[in-house]
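The lines below spell out each chain.
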Amino acid sequence: MTAQPKSIPLILAILIGILFLLIVAVGATALMVSESTQCGTGGSSFLDVWRAQSFGLGVFSEKEWQKSYSVKPYRVQVVWDSPDLSSIATLEYLLFNCGTTSADLDTYYSDENFHNIILADYQDVQKTSACRAGDTRLYQFTAKFENTDYLLWQWAKPDGDKRVFGFFMAVPAQSRLSGLGYAEKVFPELTTCP
């Protein structure tokens, strides 16, 4: 009768550990990429929340910006607020669970929607430009908020055929260069309209 080497139980334990980690990784990946949202619903998935939360990582310093998020029907919203800079940035990760087209974005970002919904909290809103770079759209405005002149940027960028990054930023007009610095980090392909 021969004795079993002591290394076989160790190797077996390592193989079982690797198999366990592999099963956990596959399960987590399946959870992240699964489409738990159906056409006609405004529901979101774990992946939608993760995509929204990951947007702009490293752009907005925690010392200057307070971050919050919420999950709503048809959108996951992330807000960065900086009272000291009198600035705000908002991501609306828009959920088009039945798919979206360029015409849908034209309607969503229409002048009427900007006036009545998207920029309803601002006064004296003036559209200064609109432009595109590839699939990325940018709309720029001047406006007033609490008697202060502001510069407003609204980007729209498809993320696949059912999701859209709708990113809005408002900075005081006197902080234009600071705003452009943030814009360049978030959308280097279309920081501002020519």
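Heads up: these notes are all about the structure in this document. (Residues numbered from 1 in each chain as written. Predicted model: local features only at pLDDT ≥ 70, side-chain atom pairs only at ≥ 80, totals over all residues. Heavy atoms only, no water.)

A short note on the pairing of strand S7 (residues 163-172)
Stage number 1. Counting buried residues along S7, ten of its ten residues qualify, which places the element largely inside the surrounding structure.
Stage number 2. Burial along S7 is two-sided: Arg163, Phe165, Phe167, Met169 and Val171 facing one way and Val164, Gly166, Phe168, Ala170 and Pro172 facing the other are all buried.
Stage number 3. Direction of pairing for strand S3 (residues 87-95) relative to S7: antiparallel, over a ladder of eight bridges. Bridge pairing in S7 places leucine 94 opposite valine 164.
Stage number 4. Hairpin connection between strand S6 (residues 148-158) and S7: a loop of four residues separates the two successive antiparallel strands, and glycine 160 in this loop has a positive phi of roughly 85°. (Buried < 20%, exposed > 50% of the residue type's maximum accessible area, 1.4 Å probe, protein only. Helix = DSSP H or I, 4+ residues; strand = E, 2+ residues; numbered from the N terminus. Pairing = 2+ DSSP bridges.)

Topic: a nonpolar patch on the surface
Stage number 1. Where nonpolar side chains cluster on the molecular surface, the patch consists of Leu10, Ile11, Ile14, Leu15 and Ile18 and spans about 490 Å² of accessible area.
Stage number 2. Counting through the fold element by element, isoleucine 18 comes out in helix H1 (residues 7-33). (Patch = residues over 30% accessible without salt bridge, like charges linked within 9 Å, V, L, I, M, F, W, Y side chains within 5 Å. Areas by Shrake-Rupley, 256 points an atom, 1.4 Å probe, with all protein chains shown as cover. Salt bridge = Lys/Arg side-chain N within 4 Å of Asp/Glu carboxyl O.)

Some thoughts on the pairing of strand S1 (residues 66-72)
Stage number 1. Sheet topology note: the S1/strand S2 (residues 75-82) ladder contains seven bridges and is antiparallel. Within S2, the position partnered with tyrosine 69 by the bridge is valine 78.

Quick look at the pattern of salt bridges
Stage number 1. Tallied over the full model, the rule gives eight salt bridges.
Stage number 2. Of the charged contacts in the structure, one is a salt bridge between aspartate 159 and arginine 51, with a shortest N-O distance of 2.7 Å. Here aspartate 159 is found in the loop between S6 and S7, whereas its partner arginine 51 is found in helix H2 (residues 46-54), with 108 residues between them in sequence.
Stage number 3. On the basis of relative accessible area, aspartate 159 is assigned to the buried category, the value being 19%.
Stage number 4. Given a relative accessible area of 28%, arginine 51 falls into the partly exposed group.
Stage number 5. Each of Asp106, Arg132 and Arg137 takes part in a single network of salt bridges with overlapping partners.

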